[in-house]
Amino acid sequence: MIVNLAERAHNHNWRLDPIIRSLLDTDFYKLLMLQFIWKHFSDLRVTFTLVNRTKTVNLSERIAMDELRMQLDHVRGLRFHKSELIWLAGNTFYGKRGIFEPDFLEWLERGFALPEYELSIENGEFSLTFIGLWSQTTLWEVYALSILSEMRTRSSLRAMSEFSLDILYARAKATLWGKIERLRGVPGLKLADFGTRRRHSFLWQEYVVKAMRDTLGASFTGTSNTYLAYKHDLEAIGTNAHELPMALAAMAKDDAELKESQYRVLEIWQNTYQRELLVMLPDTFGTTQFLADAPDWVTDWTGQRMDSKNPYVAGDEYISWLRQRGRDPEKKLIIASDGLDVGQILGLHAYFSGEILGGRTPQEFRGAQDFLDLKKWNPKRRIRFSSGWGTLLTNDFRSCDPGGGSGFDPISLVCKLTEANGRPAVKLSDNYAKAMGPVEEVARYRRVFGTDGVTNVPAIV
């Protein structure tokens, strides 16, 4: 059934139309990490904190606090349904059945509950924190971001007539189709939806995912949204994220243990999961230093996700490192996932999945016709490449507002681990603009890990 998005938006009822409909409405990697945390760090207490990196947008001016509380409280009242747990138990993920252990699923059914939240206004902005056991708290991240993103959307929708909403969604659909049209028929292309946390709305993400599935065929590999994968029989995509090395680093007793913590977390992970789930995220404290000092067994991992570094640079760096360590890059995988849009997806695919000919640049590949031209491109891959398409897939309403406003433009909103067992958590990344943590701790981490390969560019959505 095709949802009339304009009519639905015009008739939103807060009590009857909650933003989060299921606890499965989260990124798949959060569930994989939750089992990992439940197994190995069940007693660790943590704090997650909301951070709005788009300083020009004040969410407290757009969103009523009582309505935000209503949405957060609704999520706290949700529980995993037995049918959802049966799906997690019996489904095949990354070619393996039974990834989720029976005892873990039993705990999800009987022992899991989201902890309380702390919400206030500080210096005119929302202050939202989640404190509790790591195993209870970690799932709040994606729920909170999805709620705030959609509440901002709804605040802009309320001021529009139904006719204006028709125009808004017609333009957004045309934008989406323009992107899909450029991707159709591109040989060897692989991409997945990574857009849950900053989506325009749940209904729009669902519309986008179904459109990608119906038009791109095998090129669309699935979605990171577990609920949409469950509901529409799609592959659930995801591995792990920055919070794991951040937490282990925060617990380190000295500088030597701090440096080693980034490899220790991988060691525990590979003892928990195998094969395609062995995709590392090396940029938490800087990719260059990570690769330089990595134990040789790290080269046997399936691949890496590139986040805060220029993906062309990061991919080349990984390929070079693999060759230096005697591994064949063609058998490995890289996933680009930071602020992607259709042009960069096509350019990266041209660059890593084949050989660009005739002195052309990746930016010159704009559709299937360019990849099918034997004078432009030779489809001999350098490494397996895939894209995780996020915000600009599920929330690209730029220039769609018939009133000409920017209220639907996406913003950079994050909810990050800020403390573990009372000690500050730090993220350095490959981009100075994305560093998070107390100033003195960031300085200490940079002394321990160094700054090789780190650049300073604006944080993108």
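Our subject is the structure that appears above.
What counts and what doesn't
- Residues numbered from 1 in each chain as written.
- Predicted model: local features only at pLDDT ≥ 70, side-chain atom pairs only at ≥ 80, totals over all residues.
- Heavy atoms only, no water.
- Helix = DSSP H or I, 4+ residues; strand = E, 2+ residues; numbered from the N terminus.
- Buried < 20%, exposed > 50% of the residue type's maximum accessible area, 1.4 Å probe, protein only.
- Contact = heavy atoms within 4.5 Å.
- Areas by Shrake-Rupley, 256 points an atom, 1.4 Å probe, with all protein chains shown as cover.
- Phe/Tyr/Trp six-rings, centres within 6.5 Å; stacked < 30°, edge-to-face > 60°.
- Lys NZ or Arg CZ within 6 Å of the ring centre and 35° of its normal.
- Pairing = 2+ DSSP bridges.
- Axes fitted to C-alpha atoms, helices over the stretch in contact; angles between N-to-C directions.

1. Brief notes about the overall build of the protein
Along the protein, the regular secondary structure elements total 18 helices and 15 strands. Projected onto the principal axes, the alpha-carbon positions of the protein cover approximately 60 × 55 × 45 Å. For the protein, the proportion of its 461 residues judged to be buried stands at 57%. When contacts within the protein are restricted to residue pairs at least 6 apart in sequence, those whose partners lie at least 24 apart make up 77%. Of the roughly 18500 Å² of accessible surface on the protein, 49% is carried by carbon and sulfur atoms.

2. A short note on the packing of aromatic side chains
Here the distance between the centres and the angle between the planes together describe a pair of aromatic rings. According to the stated counting rule, one finds 34 aromatic pairs in the structure shown. Ring centres of Trp107 and Phe112 lie 5.6 Å apart, and the angle between their planes is 75°; this geometry places the pair in the edge-to-face category. Here Trp107 matches Phe112 in class, with each residue buried. On the basis of an interplanar angle of 35° and a centroid distance of 6.3 Å, the ring pair of Phe397 and Phe408 is categorised as tilted. Of this pair, Phe397 sits in the loop between helix H17 (391–394) and strand E14 (413–420) while Phe408 sits in the loop between H17 and E14, and the two are 11 residues apart along the sequence. We note that Phe397, like Phe408, is buried. By way of ring pairs, the aromatic residues Phe28, Trp38, Phe80, Trp87, Phe93, Phe100, Phe104, Trp107, Phe112, Phe202, Tyr227 and Tyr230 are connected into one cluster. Positioned over the ring face of Tyr351 is Arg382, at 4.8 Å from the centre of the ring.

3. Focus: the sheet that holds E14
Sheet architecture is open: 5 strands sit in the order E4-E5-E1-E14-E15, paired in antiparallel fashion. Strands with a single pairing partner mark the edges of an open sheet, and in this sheet they are strand E4 (117–122) and strand E15 (423–424). Of the strand pairs in this sheet, E14 and E15 are connected by 2 bridges, and their pairing is antiparallel. Residue Ala420 lies in a different strand from E15, and its bridge partner there is Arg423. Relative to the sheet, helix H3 (residues 65–76) contacts E4 and strand E5 (125–133), its axis offset from that of E4 by approximately 165°.

4. What about the environment of Thr175?
With respect to the helices, strands and loops of the structure, Thr175 is situated in helix H8 (residues 162–183). Residues Thr175 and Asp396, spaced 221 residues apart in sequence, show a C-alpha to C-alpha distance of 7.9 Å. Residues contacting Thr175, with those up to four places away along its chain left out, are Asp396 and Cys400.

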